[in-house]
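Here's the letter readout for the chains.
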Amino acid sequence: MAQEEVDSFKASSPKGERGFVSIHYSRQSAYVNQYLLLPSGQRLGPVFIKVSNYIPYPIKVCLNGHEWAKQQLRQARIGFEALNNGFLSCPDLATGKPSATSGGPEQIQAFFDKWIDRLPMPLTAKDRQVGYRRQLSVWQVKISRTQVFDDPQRGREFFEAVIRENLDLPLRPLMLGEKRH
């Protein structure tokens, strides 16, 4: 547990006419308790869940696709040479690639569903019965292509091509499971 600065809500009751009740809400920064959970032994590799104890009670799930892929290769007993955040080589690539790339929105959603039921929440069982629930959305996605270049010029050419290919990406975030067209 640690206190961190987060965006939160503030309620105020401005002075007004007698007998008239008015409450105004605004967003502001506040220091609140954050609880960090580190589930171990997961198929997703190293992952953490951060839960806030203050309105709007955000939950953050952070995972790393490279680490997930490494876990899949280990479970399939396929050898590879790892980098800090990627792969240097995989001698049995034909066998390893389907295992390493089989993760996606369904696996992340299943992980979220498993843990959301175990975490203390402000929503009661009755709230959940009538339809109030947490919904997973993708807030931030970082994508990388792990490439090793023997010549710096090849690296610059690669990154320029990646930038050109992605100039028309939409500005809105994709929802989990949504396909880019």
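See above for the structure.
Small disclaimer: the values here were computed from a predicted structure and weren't measured.

Rules and cut-offs
Going along each chain's sequence as written, the residues are numbered from 1 onward. It should be noted that, the model being predicted, local features are given only for residues of pLDDT at least 70 and side-chain atom pairs only at 80 or more, the latter also being counted only at that level, while totals for whole chains, interfaces and linings use all residues. Computation of side-chain values: all heavy atoms of the structure, hydrogens and water removed. Elements are defined by DSSP. Helices are runs of H or I of four residues or more, strands are runs of E of two residues or more, and each kind is numbered from the N terminus. For a helix, the expected span equals 1.5 Å multiplied by the residue count minus one. Pairs of residues are marked as contacts when any of their non-hydrogen atoms sit within 4.5 Å. Among the buried residues, those of types Ala, Val, Leu, Ile, Met, Phe, Trp, Tyr and Cys that are joined through side-chain atoms within 4.5 Å form a nonpolar core. Note on classification: 1.4 Å probe, protein chains only; a residue is buried when its accessible area is under 20% of the maximum for its type, exposed when over 50%, partly exposed between these limits. When a carboxyl oxygen of Asp or Glu is within 4 Å of a side-chain nitrogen of Lys or Arg, the pair counts as a salt bridge. Paired strands, as defined in this entry, are two strands with at least two bridges between them according to DSSP. In this analysis, axes come from line fits to C-alpha atoms, helices being fitted only over the stretch in contact, and the angle between any two N-to-C directions falls in the range 0 to 180 degrees.

With 12 residues, helix 3 (residues 105-116) extends 16 Å between its outermost C-alpha atoms, agreeing within 8% with the 16 Å of an ideal straight helix rising 1.5 Å per residue. Contact partners of the buried residues in helix 3: strand 3 (47-52) and strand 4 (59-63).

On to the nonpolar core. Counting 8 residues, the largest nonpolar core is built from L44, V47, I49, V51, W68, F111, W115 and L119. Of all the secondary-structure elements, those providing two or more residues to this core are strand 3 and helix 3. Ranked by residues supplied to this core, first place goes to strand 3 with 3 residues.

If you walk through the whole model with that rule in mind, you get 2 salt bridges. The closest approach of N and O atoms between K70 and E67, which form a salt bridge, is 3.2 Å. Taken together, the residues span about one helical turn, with K70 and E67 both in helix 1 (residues 65-75) at a distance of 3 residues. Its relative accessible area of 3% is what places K70 among the buried residues.

Strand order in the open sheet formed by 4 strands is 1-2-3-4, and the pairing between neighbours is antiparallel. The sheet terminates laterally at strand 1 (2-12) and strand 4, the two strands that pair on one side only. Each strand of the sheet is rotated relative to its neighbour by a mean of 25°, with strand direction disregarded. By the bridge criterion, 11 bridges tie strand 1 to strand 2 (residues 24-37) in an arrangement that is antiparallel. Directly across from V6, in strand 2, lies its bridge partner A30. Along the sheet face, helix 3 touches strand 3 and strand 4 and points at about 135° away from the line of strand 4.

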